[in-house]
Amino acid sequence: MIKPMLAAVSPYVQIARPDHWFKNVFMVPGIAVAVFGQPALLLDPALWWRLPLALLVLCVIASSYYVLNEVLDAPFDALHPVKKHRPVPSGLVRKRWAYIEWAALALLGLWLATLLGTHFLIVTMALWVMSCVYNVEPIRAKDRPYLDVLAESLNNPLRLLMGWYA
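All values derive from a computational prediction rather than experimental measurement.

Draft legend 1. Quick peek at the overall build of the protein. Broken down by element type, the protein carries six helices and zero strands. By its C-alpha atoms, the protein is 55 × 45 × 25 Å across when sized along the principal axes. The proportion of buried residues among the 166 residues of the protein is 40%. Contacts in the protein between residues at least 24 apart in sequence constitute 76% of all its contacts with a sequence separation of at least 6. Per element, the accessible surface of the protein, about 9,800 Å² overall, is 75% carbon and sulfur. Between the centroid of the 14 positive side chains of the protein and the centroid of its 10 negative side chains there is a distance of 6 Å.

As structure tokens, this is what we get:
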């Protein structure tokens, strides 16, 4: 009973790309700069619950936009010799459930971000909006030269700011 359930859930976990969470390391310089500017932060007990929560928020928001990317790229990926085996183009994921996953991850991430303050929430929202600009028509920056690079290059400074505000 557990194996069939894991087999059904596994593709939805895959499209959230937890293997890409390492990119969230760009939050660390923001933390370091904040602590360098105010060393007393290291003695603040709140820091030790805020940082793991901030990292969780970043991972959840990133997974939200990875899910969206997987769904919207599926028609193109289906034509690719390797990418056609990904969960969405291969039919292992129902698009309706993937959109629900995308929205649920976004809402969870934004709700958790509210626990870390207004500035953190605003930067988190900016990161999520950039994912929409990158993936969704009519802009779909990923399909436009230069705009693609500009949109992607904003993500790491936003991660840095999330570390700063955490």
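What follows picks up the thread again.
Draft legend 2. Structural detail: a nonpolar patch on the surface. A grouping of Val33, Leu160, Leu161 and Trp164 is seen on the molecular surface, where their side chains present a nonpolar patch of about 330 Å² in accessible area. No other element matches the three residues that helix α6 (residues 147–165) contributes to the nonpolar patch. For Val33, the location among the structural elements is in helix α2 (residues 28–37).

Draft legend 3. Spatial organisation of the nonpolar core. Val57, Phe120, Leu127 and Met162 are the most contacted members of the largest nonpolar core, which has 28 residues in total. Looking at this core, the elements with two or more residues in it are α2, α3 (47–77), α4 (95–114), α5 (118–135) and α6. With 10 residues, the single largest contributor to this core is α3. The contacts of Leu127, once residues within four sequence positions are left out, are Leu58, Ile61, Tyr65, Asn155, Leu158 and Met162. Core analysis: the second largest hydrophobic core is formed by 14 residues, Val71, Val88, Val93 and Cys132 among them.

Draft legend 4. Spotlight on the packing of α4 against α5. It is the contact of α4 with α5, at a shortest axis distance of 8 Å, that shows an interaxial angle of 160°. In terms of their interaxial angle, α4 and α5 are classed as roughly antiparallel. Between α4 and α5 lies a crossing whose hand is right-handed. Mapping the contact onto sequence places Trp102, Ala106, Leu110, Ala113 and Thr114 in α4 and Phe120, Leu121, Thr124, Met125, Trp128 and Cys132 in α5.

Draft legend 5. Region of the structure containing the confidence of the model for the protein. In the predicted model, the protein carries a mean pLDDT of 94, and 99% of its residues have values of at least 70. Model confidence for the protein, summarised as mean pLDDT per element, is weakest for helix α1 (residues 2–15) at 88 and strongest for α4 at 98.

Draft legend 6. Just the pattern of salt bridges, in detail. For the coordinates displayed, the defined rule picks out six salt bridges. Between Arg17 and Glu70 there is a salt bridge, with its nearest N and O atoms 2.8 Å apart. A residue pair is termed long-range when its members are at least 10 positions apart, and Arg17 in the loop between α1 and α2 and Glu70 in helix α3 qualify at 53 residues. Since its relative accessible area comes to 12%, Arg17 is described here as buried. One salt bridge in this structure joins Arg86 and Asp77, with 3.3 Å as the shortest N-O distance. A relative accessible area of 28% means that Arg86 is categorised as partly exposed. Bridged by salt links that share partners, the residues Arg17, Glu70, Asp77 and Arg86 form one connected network.

What counts, and where the lines are drawn
- Residues numbered from 1 in each chain as written.
- Predicted model: local features only at pLDDT ≥ 70, side-chain atom pairs only at ≥ 80, totals over all residues.
- Heavy atoms only, no water.
- Helix = DSSP H or I, 4+ residues; strand = E, 2+ residues; numbered from the N terminus.
- Buried < 20%, exposed > 50% of the residue type's maximum accessible area, 1.4 Å probe, protein only.
- Contact = heavy atoms within 4.5 Å.
- Areas by Shrake-Rupley, 256 points an atom, 1.4 Å probe, with all protein chains shown as cover.
- Lys, Arg positive; Asp, Glu negative; His and termini not counted.
- Charge placed at Lys NZ, Arg CZ, Asp CG, Glu CD.
- Patch = residues over 30% accessible without salt bridge, like charges linked within 9 Å, V, L, I, M, F, W, Y side chains within 5 Å.
- Salt bridge = Lys/Arg side-chain N within 4 Å of Asp/Glu carboxyl O.
- Core = buried A, V, L, I, M, F, W, Y, C linked by side-chain atoms within 4.5 Å.
- Axes fitted to C-alpha atoms, helices over the stretch in contact; angles between N-to-C directions.
- Parallel < 35°, antiparallel > 145°, perpendicular 65-115°, else oblique.
- Left-handed = near helix turned anticlockwise from the far one by under 90°.
- pLDDT = per-residue confidence, 0-100.

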